[in-house]
Amino acid sequence: MPGIQIRLAGTDGESVEAILEESAAARDFRALLPLTLTLTDYNATEKIADLPRRLSMEGAPVSIDPEPGDLAYYAPWGNLAIFYKDFGTSRGLVRLGRLSRIPDAFRRSGPVSVTIEAVP
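About the criteria used
Here the residue index of a chain counts from 1 through its sequence in written order. Selection of residues for local features in this predicted model requires a pLDDT of at least 70, selection of side-chain atom pairs for listing and counting requires 80 or more, and totals for whole chains, interfaces and linings are taken over all residues. Each side-chain value is worked out from all heavy atoms of the structure, with water and hydrogens disregarded. The pairing criterion is simple: DSSP has to find at least two bridges between the two strands. Note on conventions: DSSP H or I runs of at least 4 residues are helices, E runs of at least 2 residues are strands, and numbering of each starts at the N terminus. To define axes, lines are fitted to C-alpha atoms, for helices over the stretch in contact only, and angles between the resulting N-to-C directions are given on a 0 to 180 degree scale. The criterion is simple. A nonpolar core is a set of buried Ala, Val, Leu, Ile, Met, Phe, Trp, Tyr and Cys residues joined through side-chain atoms within 4.5 Å. Using a 1.4 Å probe on the protein chains alone, a residue whose accessible area is under 20% of its type maximum counts as buried, one over 50% counts as exposed, and one in between counts as partly exposed. Any pair of residues with heavy atoms lying within 4.5 Å of one another is described as a contacting pair.

A. A look at the sheet that holds strand β6 (residues 70-74). The strand order around the closed barrel built from eight strands is β1-β2-β9-β6-β7-β4-β3-β10, with neighbouring strands paired in antiparallel fashion. Here the strands of the sheet are splayed against their neighbours by 35° on average, with no regard to which way each runs. Pairing between strand β1 (residues 5-10) and strand β10 (residues 112-118): five bridges, direction antiparallel. Bridge pairing in β10 places I6 opposite A118.

Laid out in structure tokens, this is it:
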């Protein structure tokens, strides 16, 4: 069964769809939507933003090896991470879903404001 589709819409007018995984953390994230966040660059690899609350870690793996396009939750810090470059296995990282493509704005070093919402 396919996961829930969401949309990330940037203030620059660019938007991208993502599919959430079937997991407790992804369902918890979905319950926060709609959500407007300012994503900042981290390690020239990902865009990150704090979430308003921690997500459920029930049934989550100990670690994942994120790939470009992964939408993830980093439990130790309680933040959302969207990877635009490859990265190694990270303990405490949980995949929430996958972007259909990586927006151009994510590849630039500055902050990006996005609204994340469920697609009806």
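Next comes the rest of the description.
B. Molecular detail of unusual backbone geometry. A cis geometry characterises the amide bond from L33 onward to P34, with omega recorded as 5°. Along the chain, the position of P34 falls in the loop between α1 (24-32) and β3 (35-42). The backbone phi angle of N43 is positive, close to 60°, even though this residue is not glycine. Among the secondary structure elements, N43 is positioned in the loop between β3 and β4 (46-50). Although it is not a glycine, A44 adopts a positive phi angle of roughly 50°. Position of A44 among the secondary structure elements: in the loop between β3 and β4.

C. Molecular detail of the nonpolar core. F29, L96 and F106 are the most contacted members of the largest nonpolar core, which totals 31 residues. Those elements giving two or more residues to this core turn out to be β1, β2 (15-20), α1, β3, β6, β7 (79-83), β9 (93-99) and β10. If one sorts the elements of this core by residue count, α1 sits on top with four residues. Discounting chain neighbours no more than four positions away, the residues touching L96 are I19, L20, E21, A25, A26, F29, L55, L71, A72, Y73 and L80. In terms of nonpolar packing, the next biggest core, distinct from the first, is built from six residues, I48, I64, A81 and F83 among them.

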